[in-house]
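Analysis of the macromolecular model
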Amino acid sequence: DNHVTDKSQLPQRFLLFVGRCDPIKGIDRLFRIISHFFREFPHYKLVIAGSGWDTKIIPKSIADSIILLGQVSNVNILYQKADCYLFTSYFEGFPNVIVEAVCNGCPVLAFSAGDAEIILKNYPLGQIVNKEETFQYKLGQMIKNKPAEEQRLKEAKLQKQRFQFKHTVKEYKDFIFEE
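**What to know about helix 6 (residues 149–162)**
An ideal rise of 1.5 Å per residue puts 20 Å on 14 residues; helix 6 measures up with 20 Å between its terminal C-alpha atoms. Those residues of helix 6 that sit buried are Arg152, Glu155, Ala156 and Gln159. Considered in projection along helix 6, the buried side chains sweep an arc of 110° and stay on one side of the axis. Structural note: helix 6 exposes Glu150, Leu153, Lys154 and Lys157 on the side pointing more than 90 degrees away from its buried face. Among the structural elements, helix 2 (76–81) and helix 3 (96–102) are those in contact with the buried residues of helix 6.

Encoded structure:
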């Protein structure tokens, strides 16, 4: 289990993907999008945290710009330092990774899968898209118009309140015990 404790261990500018290596996570479109992105922003890296990743599956043309961390015990530092979290899944239930990202004030660009839209609905640093071309365009826009650190911290605080587990417990209780 990899433990990233020092922000200086991370690249200066990077995008983030957190998730296991599984086709359902949209790895094919992640690589297509990131290949396009690196042509416009060659000084960026893509940091990937999660299990099952192997350098053999990464296209050679972008391999030097991708950092595989494997399982990471403290992902919060990654979300706090990343310029954008990329959510490329085809199917999801409730994507915890998006909640983790917003609770750390990380900008999020996401395909519409599972409850991604619900989670990002009241999050000004997040956007939902439905097409790869739109994802590529919006990613460039988000990188060119990065939020100030103060805004990221303010949003993190608001989202942590919003996603406190006591709210989930209350919703379950209301659902289960409704008359």
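Back to the write-up after that little detour.
**Some points on the side chain of Asp83**
Along the chain, Asp83 falls in the loop between helix 2 and strand 4 (84–87). The buried category is assigned to Asp83, whose relative accessible area is 9%. Once you skip the residues sitting within four places of it in the chain, Asp83 turns out to touch Arg13, Phe14, Tyr44, Pro107, Ile143, Lys146 and Arg152.

**Comments concerning helix 5 (residues 132–144)**
Taking 1.5 Å of rise per residue, the 13 residues of helix 5 would be expected to cover 18 Å, and the 19 Å separating its terminal C-alpha atoms lies within 8% of that figure. Inspection of helix 5 places Glu132, Phe135, Gln136, Leu139, Gly140, Met142 and Ile143 among the buried residues, and these make up the whole buried set. For helix 5, the arc enclosing every buried residue in end-on projection is 165°, short of the 170-degree limit, so these residues lie on one face. Opposite its buried face, helix 5 presents the exposed residues Glu133 and Tyr137, each directed more than 90 degrees away.

About the cut-offs
Residues numbered from 1 in each chain as written. Predicted model: local features only at pLDDT ≥ 70, side-chain atom pairs only at ≥ 80, totals over all residues. Heavy atoms only, no water. Helix = DSSP H or I, 4+ residues; strand = E, 2+ residues; numbered from the N terminus. Expected span 1.5 Å × (residues − 1). Buried < 20%, exposed > 50% of the residue type's maximum accessible area, 1.4 Å probe, protein only. Arc of directions from axis to C-beta. Contact = heavy atoms within 4.5 Å.

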